[in-house]
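Chain and residue survey
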Amino acid sequence: MSDNEQKKKIGRKPSTADDRRTTRTRRALKQSAADLIHSMRYEDITVQNILDRADVGRSTFYAHFTDKDDLVRQMFEEMLESITSGVEPGKGGAPAFPLAGLFRRLKDQLAARGVWQSDRGREYLFSIGQAYWAGRIERELTRRRGKRGAPDVPIPLIALMATSAATALLTWWIKNKMPYSPEEMEAMFDRVMTPGIKAVCG
């Protein structure tokens, strides 16, 4: 290969085929991780377990993710986004905190051993969920507040309090063997939290 040909190859933009290959690789790694966290304790899963199941090389894995936690974080955030996709909180009768989808998903998965039977796994997934919801609530409240300036209680603190309460509620629900439906949990949370936030944010 000539010098000019090498330069052209190095400088070329990723092709559609490259994009498809990247998408397939990332999908395979996420599916591998999803399968494993439902069959193994989270702390027992290694990057090598994920690679073996996905049939992907180690260098390829690290080209996409920094470690196991990074892969699971992205995977879980995408799941949360898909659950609430198209839902505009508080509009047209929609709840201000659309949590029922998350409660339903967890209810379907709790029968599986693995991540839900692991304190480390549960705590990590809950921390991802809390950070995701805090960011979403903060953006939504900031958007609604518009140009009216900051409320008496800073919006990041409101988001933190709301997501901390949601995490505590979810933990209680699991430990008490889900005595209420996901829809009832969502409605009760909304009923308690929304008036306070409206009083502060308007």
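Residues numbered from 1 in each chain as written. Predicted model: local features only at pLDDT ≥ 70, side-chain atom pairs only at ≥ 80, totals over all residues. Heavy atoms only, no water.

Looking only at helices and strands, one finds nine helices and zero strands in the chain. When its helices and strands are written in sequence order, the chain yields α-α-α-α-α-α-α-α-α. Per-residue burial for the chain yields a buried fraction of 39% across its 202 residues. When the accessible surface of the chain is totalled, it reaches about 12000 Å², and 52% of it is carbon and sulfur. (Helix = DSSP H or I, 4+ residues; strand = E, 2+ residues; numbered from the N terminus. Buried < 20%, exposed > 50% of the residue type's maximum accessible area, 1.4 Å probe, protein only. Areas by Shrake-Rupley, 256 points an atom, 1.4 Å probe, with all protein chains shown as cover.)

What follows covers unusual backbone geometry. Positive phi, normally seen in glycine, also occurs at K177, with a value near 60°. Its place among the elements puts K177 in the loop between α8 (155–175) and α9 (182–201). Of note, the phi angle at M178 is positive, near 55°, even though the residue is not glycine. One can find M178 in the loop between α8 and α9. Its relative accessible area of 26% is what places M178 among the partly exposed residues.

What follows deals with the packing of helix α2 (residues 16–37) against helix α5 (residues 68–83). Packed helix pairs are characterised by how far apart their axes lie and by the angle those axes make with each other. Where α2 meets α5, the closest approach of the two axes is 10 Å, and the angle between their N-to-C directions is 90°. Taken together, the axis directions place α2 and α5 in an arrangement best described as roughly perpendicular. Facing R26, L29, K30, A33, A34 and I37 of α2, the residues of α5 in contact are L71, Q74, M75 and E78. Of the residues that constitute the contact of α2 with α5, the class distribution is six nonpolar, one polar and three charged. (Axes fitted to C-alpha atoms, helices over the stretch in contact; angles between N-to-C directions. Parallel < 35°, antiparallel > 145°, perpendicular 65-115°, else oblique. Contact = heavy atoms within 4.5 Å. Nonpolar A, V, L, I, M, F, W, Y, C, P; charged D, E, K, R; others polar.)

Position of I50 among the secondary structure elements: in helix α3 (residues 47–54). Separated by 20 residues in the primary sequence, I50 and K30 place their C-alpha atoms 8.6 Å from one another. If sequence neighbours within four positions are ignored, I50 has contacts with L29, S32, A33, L36, I45, K68 and L71.

This paragraph deals with the pattern of salt bridges. All chains considered together, the criterion is met by eight salt bridges. For the salt bridge of K30 with E78, the shortest nitrogen-to-oxygen distance reads 2.5 Å. Taken together, the positions of K30 in helix α2 and E78 in helix α5 put the pair 48 residues apart, joining distant regions of the chain. Close ionic contact of D35 with R53 constitutes a salt bridge, the shortest N to O distance being 3.4 Å. Here D35 is found in helix α2, whereas its partner R53 is found in helix α3, with 18 residues between them in sequence. According to the relative accessible area criterion, D35 is partly exposed, its value standing at 29%. (Salt bridge = Lys/Arg side-chain N within 4 Å of Asp/Glu carboxyl O.)

Here the chain averages 81 in pLDDT, while 81% of its residues score no lower than 70. Of all secondary-structure elements in the chain, the lowest mean pLDDT belongs to helix α1 (residues 3–11), at 51, while α3 reaches the highest, 96. (pLDDT = per-residue confidence, 0-100.)

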